[in-house]
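If you want the building blocks of each chain, they are given just below.
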Amino acid sequence: MSVVLSSIRLGPQHAFRAPRTRLVSVLRAPARSLSAASAQPASPAKDSKRSGPASEQSVTPLSEDFSRWYLDVIREAQLADYGPVRGTMVIRPYGYALWERLQSWLDAALKEHGVQNAYFPQLIPMSFFEREAEHVEGFAPELAIVTRGGGKELEEPLALRPTSETIINSMFAKWVQSHRDLPMRLNQWANVHRWEMRTRPFVRTLEFLWQEGHTAHATPEEARAEAMAMLEVYREFAVTQAAMPVIAGRKSRIEQFAGANATFTIEAMMRDGRALQAGTTHDLGDNFSRAFGTQFSDAGGRLRHAHQASFGMSTRMVGGVVMSHGDDTGLRLPPRMAPLQVVLVPVAARGAAAAAVLAAVDAALVALRATGVRAQADVGTEKSPGWKFSHWEMKGVPLRIEIGPRDVASGTCAIARRDRPGKEGKEFGVPLAPELLVQEVLKRLDEVQAELLERATRFRDEHILDVSSHSQFLEVIEQGEVCARWGSFCAPHA
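Residues numbered from 1 in each chain as written. Predicted model: local features only at pLDDT ≥ 70, side-chain atom pairs only at ≥ 80, totals over all residues. Heavy atoms only, no water.

Draft legend 1. Local environment of unusual backbone geometry. Here Leu182 and Pro183 are connected by a cis peptide whose omega angle stands at -5°. Its place among the elements puts Pro183 in the loop between α6 (165–175) and β8 (184–193). Positive phi, close to 60°, is recorded for Gln78, a residue that is not glycine. Locating Gln78 in the fold gives a position in the loop between α2 (66–76) and β2 (80–82). Not every positive phi belongs to a glycine, and Phe202 is a case in point at roughly 70°. As for its position among the elements, Phe202 is in the loop between β8 and β9 (207–217). (Helix = DSSP H or I, 4+ residues; strand = E, 2+ residues; numbered from the N terminus.)

Draft legend 2. Representation of the nonpolar core in the model. By size, the foremost hydrophobic cluster in this structure holds 61 residues, and its most contacted members are Tyr70, Leu79, Met244 and Met317. With 8 residues, helix α7 (residues 220–240) is the largest single contributor of residues to this core. Ignoring sequence-local partners within four residues, the contact set of Met244 consists of Ala238, Val239, Ala268, Met270, Met317, Gly320, Val321, Ser324, His325 and Leu453. In terms of nonpolar packing, the next biggest core, distinct from the first, is built from 25 residues, Ala243, Val342, Leu437 and Val441 among them. (Core = buried A, V, L, I, M, F, W, Y, C linked by side-chain atoms within 4.5 Å. Buried < 20%, exposed > 50% of the residue type's maximum accessible area, 1.4 Å probe, protein only. Contact = heavy atoms within 4.5 Å.)

Draft legend 3. Representation of the confidence of the model for the chain. Here the chain shows a mean pLDDT of 86. Residues at 70 or above account for 84%. Counted against residues more than four places away or in other chains, residues 1–56, with its pLDDT under 50, gives 158 contacts. Low pLDDT (under 50) marks residues 480–494, which in the prediction has 71 contacts with non-local residues, meaning those over four places away or in another chain. (pLDDT = per-residue confidence, 0-100.)

Draft legend 4. Quick peek at the pattern of salt bridges. As enumerated under the stated definition, the model contains 30 salt bridges in all. Close ionic contact of Asp327 with Arg332 constitutes a salt bridge, the shortest N to O distance being 3.9 Å. Since its relative accessible area comes to 8%, Arg332 is described here as buried. The shortest N-O distance in the salt bridge between Arg420 and Glu451 comes to 2.6 Å. Placement of Arg420 in the loop between β19 (412–417) and β20 (426–431) and of Glu451 in helix α13 (residues 434–462) is noted, with a sequence separation of 31 residues between them. Residue classification places Arg420 among the partly exposed residues on the basis of a relative accessible area of 25%. (Salt bridge = Lys/Arg side-chain N within 4 Å of Asp/Glu carboxyl O.)

Encoded structure:
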């Protein structure tokens, strides 16, 4: 079975226009079969009670059932739970901390690009959608609509925000009057609602969190350049922070955003060989500005419609991190994304030796935090060190530092890497002196980050098959769904 890296599904009904000189690539799936995406369990309340290593629940092996493995990890790592409304999720603190890591980096990157944060209402008049025919047609099946409020029928139905091009353009039409008002770059961090039929935590839910950027420009070239610049911001985040290698490219026309001239995407391969759309940008042309009357007077005094771009990345990226790096033990988090980078665990700290061990743990914790390392000490006595090891491995903490009486006596400690299981990832005799320990920890965090990216890149590249002709391409797609990649793009035609 083949897979789709770009989420582009080609079949007999879609004509393929082969380029003359560009390289075409297709993806090969792993030999094992892929399971269908699991639906929400019939009894989420039962699932929600069974979390943590102490629950005696095991994680389904990744190679046995990838979808079940994913749901098990989401539950056991305490990232999310099912909401009372089917298709919704509750993001738990650890899962939200992952989202905050994305927010922190991306918010700074957008502001550096000149994008300002704002907020727009969640309730959008249905008449706004009807102004842009392609937009309303594309989103109509996913809309959640409010028809009553305050005990009365509303004069006009209101849609819960599926995206904000319409309502933001209603304000752009007021705020953009002159070429001096351009470019206008706005972003909002918000929730959106899309009535999905098949849901999966973080990947596809009825309500999710995201950032959505919306810009207005004087020329079509500027709008296209904005869409491409934001695509590069997303690519940089995926690669440098999430350790997730992506292919950046253009969506097929059948999959582009409703109302856009072109949609661009970053696509990553998950560990089941399937693709995940991790972020999109759109060249909207002047479609929405014409629908809403967003016009400006140029330097010559002529009235023109603004050209626009929009872009978004959502909590789906959290699911992408899980599926890109996780293993049968649970999460494996890239250090730059991890809410907690280092956990310190005292070992055999009993009797007279306990005070010295705990003092050493505390000194190490203070030194690490002073240098910006996100560290925590698990000094509770209710659980054994072995239980703690399993607990923090499930949560994907990149490094674990173990300190016992002998370590204190020798001035050393042991460091275990989450990305390398067992003895391979554990090193003894690491200096415990604060300044030396900090150096060792920072070095290993960089190594873990780099190796997770290298491993994910190697996995992706092993499942890309390069072909150089239309006939070869057809031979491969007869096996199933494929991705065509020409240069840096993964669309069937430009």
